[in-house]
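Observations on the model geometry
What follows is each chain in one-letter form.
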Amino acid sequence: MTDDVAVRVDHVSKSFRLYHERNQTIKSAIMRGRTSVHEDFWALKDVTFDVPRGSTFGLIGSNGSGKSTLLKCLANIYFPNKGTIEHFGKIAAMLEVGSGFHTELSGRENIFLNGSILGMSKKEIASKYDEIVAFSGVEQFIDQPVKNYSSGMYVRLGFAIAINVDPDILVVDEVLAVGDAEFQAKCFTKFRDLRAAGKTVILVSHSMATVKEMCDQAAWINHGELMTVGPAADTIQAYEKSLTGGPEG
Amino acid sequence: MRYLKEVFAARELLANLTLREIRGKYKRTVFGQLWSLANPLALTLIYTFVFGFIFRVPLEPGDPSGLKVFALWLLCGLLPWTFFANVVNLGLGSLVANANLIQKVYFTRVVLPLSIVGSSAYNWLFEMGVLLVVLTIAGAFVLPWIPLLIVIMILLMVFAAGVALMLSIANVYFRDTQYFLSIVLQIWMYLTPIIYPLSLVEAESDKLGGLFGTSITVADVYGLNPMVHFVNVFRQLLYDNRWPDLNEWLICLAWAVGSLVLGLIVFRRNEKRLAEVL
Ligand SMILES: Nc1ncnc2c1ncn2[C@@H]1O[C@H](COP(=O)(O)OP(=O)(O)OP(=O)(O)O)[C@@H](O)[C@H]1O
Ligand SMILES: [Mg+2]
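First things first, this report covers the structure right here in the doc. Just so we're clear, the structure is a prediction, and the values are computed from it rather than from any experiment.

Counting its regular elements, chain A contains eight helices and nine strands. Expected size for 249 residues packed as a compact globule is a radius of gyration near 18 Å; at 20 Å, chain A falls within 12% of this value. For the C-alpha atoms alone, the extent of chain A along its principal axes is close to 55 × 50 × 40 Å. Pairs at least 24 apart in sequence give 69% of the contacts found in chain A among residues at least 6 apart. Element-wise, carbon and sulfur atoms account for 51% of the exposed surface of chain A, whose accessible area totals about 11,300 Å². Placing the 26 positive and 30 negative side-chain charges of chain A at their respective mean positions leaves the two points 6 Å apart.

Written out as structure tokens, the structure is:
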């Protein structure tokens, strides 16, 4: 059974504290004798699904529905309050491209730094260096400090690094929207290659066209609850129906 | 144990982050690395003027080195202290400063404060190297003491790392920890024999005898400060060129290990929630 599952999300719930009054100082903690007043907000409620190995899996839903939260749980950045997430294989997440960049350092130096934050060894990075630079298309500026990059170049370089981590499971949160058409096409080709190599891709997108084109499976999350999961076409249909068919529930 | 393995596995990342700190710091400045000497140099000038020249802090010649230079004597204690203060100060903010990274990428978080230890240690090493050269020119025979010097430097790094780990977590919950720390560090520095010799404290303490009818003396209370022992060992090795008491070594070792273990426990407990609370 586990042979064909890449990620198993099992009854996962995640709550955040919504602070009415957040006292983040020693002074107020001492003077009032308490640090904060908060209430729990459940961003994910009892979500359960499996992501089949080798599939491209889409996550859809309106803003604030909990998609990014779920991806962060997958990526070990948040830890669920209830339930478990198991993944079978090396996982790499691209939640925000280039977040590990140091603006004063050059593109070259950042490739090595960011690569190692993503868990690559120096040797690995060195061997993939040319490929990364070629994919990013910023050869000409590679020795410039990245603060002089355009936002598209920033994303290109970050994506090129992340995609070369060579994970079994790649988790992508709508980061592609910034790149131009040429770069998006490049990325889609890359996703297809990954799938052909038996890797799993989980991606969040608000573009139904992208999901339709890329994904074979999809899940729709609404207000932290899993609405439907299954073949992409069916999930998208259900989601779009809820949008057009009067006020969403 | 598994945690230590995880930290060890991230050593390459640690090295890269340390380099990031070092390179980012003096990048695009004319004098580059020389800037790291500016601060201790300025402090030495001012302390030498005030305490060496105006107050005339009594200075015994180094035994057996025979040195009698206030500025050098001062630096042997000042450089370890400024290293410690730097690590604690910068380490404290290391998690908050990298909030963006913590919320977006998974990696062993402990490398963030540890990279501060690394980059500060790099500067410190540079400063100590210069000091060794100057001491040698001034006539001290420091070369044979270098292996021991490295040992005590590592112990101080470990001690500072533990404190930085604890404070970095505290700063996530209480953002004003920094202000408290700057006050504490100021007091702490004057409670450490950096600009005055330890022998003065001992002399005064002997005059006073036991406190409140007990056998506890001022010197005993004073000795609770771990930096007293670290500075003492540094001075004896560098300035006096003599083998410090075994007791002093053991005290430093105990503080270093205790601080690191406690720091790692505190850090590990809170590490998982960092992305949310930041
Ligand atoms: N660290 C946090 N603290 C408090 N609330 C949070 C935190 N992170 C997310 N939330 C809340 O959780 C809910 C889900 O957020 P999430 O970012 O997962 O939405 P999303 O589905 O990715 O939306 P979008 O399509 O806009 O990216 C939101 O209501 C958000 O306010
Ligand atoms: Mg989102």
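In total, this model carries 23 aromatic pairs over all chains according to the counting rule given. For the ring pair F112 of chain A and Y129 of chain A, a centre distance of 5.9 Å and an interplane angle of 20 degrees mean the geometry is stacked. Remark: Y129 of chain A occurs in helix α4 (residues 122–136) and F112 of chain A occurs in helix α3 (residues 107–117); sequence separation between them is 17 residues. By relative accessible area, which is 11% here, Y129 of chain A ends up buried. Relative to W255 of chain B, the ring of F159 of chain B has its centre 6.1 Å away and its plane inclined at 85 degrees; by these criteria the two rings are edge-to-face. Taken together, the residues F159 of chain B in helix α7 (residues 146–173) and W255 of chain B in helix α12 (residues 246–271) connect sequence positions 96 residues apart. Given a relative accessible area of 37%, W255 of chain B falls into the partly exposed group. Among the aromatic residues, ring-to-ring pairing joins W81, F84, F159, W188, F230 and W255 of chain B into one connected group. In this structure, R11 of chain B packs its charged tip against the face of F8 of chain B, placed 4.3 Å from the ring centre. Positioned above the aromatic ring of W73 of chain B is the side chain of R235 of chain B, whose terminal nitrogen or guanidinium carbon lies 3.6 Å from the ring centre.

Turning next to the interface of chain A and chain B. Contact residues are listed per partner, giving 34 residues for chain A and 30 residues for chain B. Of all residues in chain A, Q24, I26 and I117 of chain A bury the most surface against chain B, accounting for 21% of the area lost on that side. Salt-bridge contacts for K14 of chain A lead to E276 of chain B; the nearest nitrogen and oxygen are separated by 2.5 Å. Remark: the boundary between chain A and chain B carries three residue pairs in polar contact (both at pLDDT 80 or more). Within the side of chain A that touches chain B, the residues separate by chemical class into 14 nonpolar, ten polar and ten charged.

Another point: the side chain of N241 of chain B. All names here are of chain B. The topology assignment puts N241 in the loop between α11 (226–240) and α12. The exposure class assigned to N241 is buried, which follows from its relative accessible area of 8%. At a separation of 3.1 Å, a polar atom in the side chain of N241 contacts the main-chain carbonyl oxygen of L237. With residues near it in sequence (within four places) discarded, N241 still touches P64, S65, A140, F141, V142, W145 and Q236.

Glancing now at the sheet that holds strand β6 (residues 169–173) of chain A. Residues and elements named next belong to chain A. The mixed open sheet is built from six strands, whose spatial order is β5-β6-β7-β3-β8-β9. The open sheet has two edge strands with one neighbour each: β5 (91–94) and β9 (225–231). In this sheet, neighbouring strand axes are inclined to one another by 15 degrees on average, regardless of whether the strands run parallel or antiparallel. Of the pairings in the sheet, the one linking β6 to strand β7 (residues 200–204) comprises five bridges and is parallel in character. Note that in β7 the partner of V171 across the bridge is I202.

Right, let's get into the nonpolar core. Membership of the largest hydrophobic core comes to 117 residues, with the highest contact counts inside it found for F84, I152 and L238 of chain B. Per-element tally for this core: the top contributor is helix α4 (residues 70–97) of chain B, with 16 residues. A domain split of this core shows at least three residues from each of domain 1 (1–90 + 167–249) and domain 2 (101–166) of chain A. One finds F135, A160, I163 and A232 of chain A within the second-largest nonpolar core, a separate group that totals 43 residues.

Attention shifts here to helix α5 (residues 151–163) of chain A. All names here are of chain A. Here α5 contains 13 residues, and its C-alpha end-to-end distance of 18 Å stays within 8% of the 18 Å for a straight helix at 1.5 Å per residue. Most of α5 is tucked away: ten of the 13 residues are buried. Looking at α5, one finds that the buried residues are M153, V155, R156, L157, G158, F159, A160, I161, A162 and I163. The inward-facing, buried residues of α5 abut β5, α3, α4, β6 and α6 (181–196).

Further remarks concern the pattern of salt bridges. Inspection of the entire model under this criterion finds eleven salt bridges over all chains. Note that E213 of chain A and R192 of chain A form a salt bridge whose closest N and O atoms lie 3.2 Å from each other. Of this pair, E213 of chain A sits in helix α7 (residues 208–214) while R192 of chain A sits in helix α6, placing them 21 residues apart in sequence. What makes R192 of chain A partly exposed here is its relative accessible area of 36%. When the shortest N-O distance is used, the salt bridge between K207 of chain B and E204 of chain B registers 3.1 Å. In this pair, K207 of chain B and E204 of chain B both sit in helix α9 (residues 198–208), three residues apart, roughly one turn of the helix.

Procedures and definitions
Residues take numbers from 1 onward in each chain, read along the sequence in its written order. The order in which chains are written sets their letters, starting at A; the order in which ligands are written sets their numbers, starting at 1. Given that the model is predicted, a residue must reach a pLDDT of at least 70 before its local features are reported, and side-chain atom pairs must reach 80 or more before they are shown or counted; all residues, however, enter totals for whole chains, interfaces and linings. Remark: hydrogens and water are excluded; side-chain values derive from all non-hydrogen atoms of the structure. In this text, helices come from DSSP runs of H or I with a minimum length of four residues, and strands from runs of E with a minimum of two, each type numbered from the N-terminal end. Radius of gyration: C-alpha atoms only; globule rule: 2.2 Å multiplied by the number of residues to the exponent 0.38. Contacts are residue-level and defined by heavy atoms, with any inter-residue pair within 4.5 Å sufficient. All accessibility values rest on the Shrake-Rupley procedure with a 1.4 Å probe; residue burial counts only the protein chains present in the view. Charged residues are defined narrowly, with Lys and Arg counted positive, Asp and Glu counted negative, and His plus the chain ends left uncounted. To locate a charge, take NZ of a lysine, CZ of an arginine, CG of an aspartate or CD of a glutamate. Between the rings of Phe, Tyr and Trp (Trp by its six-membered ring), a pair exists once the centres lie within 6.5 Å; its type follows the angle of the planes, with under 30 degrees stacked, over 60 edge-to-face, and the other angles tilted. Remark: exposure states derive from per-residue accessible area (1.4 Å probe, protein chains only) relative to the maximum for the residue type, with buried under 20%, exposed over 50%, and partly exposed in between. To sit over a ring, a charge needs its Lys NZ or Arg CZ within 6 Å of the ring centre and within 35 degrees of the ring normal. Summed over both partners, the accessible surface that disappears when two parts come together, traced with a 1.4 Å probe, is what is meant by buried area. Between Lys or Arg on one side and Asp or Glu on the other, a salt bridge is scored when a side-chain nitrogen of the former is within 4 Å of a carboxyl oxygen of the latter. Any pair of nitrogen or oxygen atoms within 3.5 Å is treated as a polar contact; in protein, a donor-acceptor pairing is required on top of that, and neighbouring residues in sequence qualify only through side-chain atoms on both sides. All residues other than Ala, Val, Leu, Ile, Met, Phe, Trp, Tyr, Cys, Pro, Asp, Glu, Lys and Arg, Gly among them, are scored as polar; the first ten of these are nonpolar and the last four charged. Strand pairing is assigned whenever DSSP detects at least two bridges linking the two strands. Axis lines are fitted to C-alpha atoms, over the contacting stretch for helices. Their N-to-C directions set the angle, which ranges from 0 to 180 degrees. Buried Ala, Val, Leu, Ile, Met, Phe, Trp, Tyr and Cys residues form a nonpolar core when they are joined through side-chain atoms within 4.5 Å. Domain segmentation is taken from an automatic or database assignment of domains. Each residue after the first adds 1.5 Å to the expected span of a helix.

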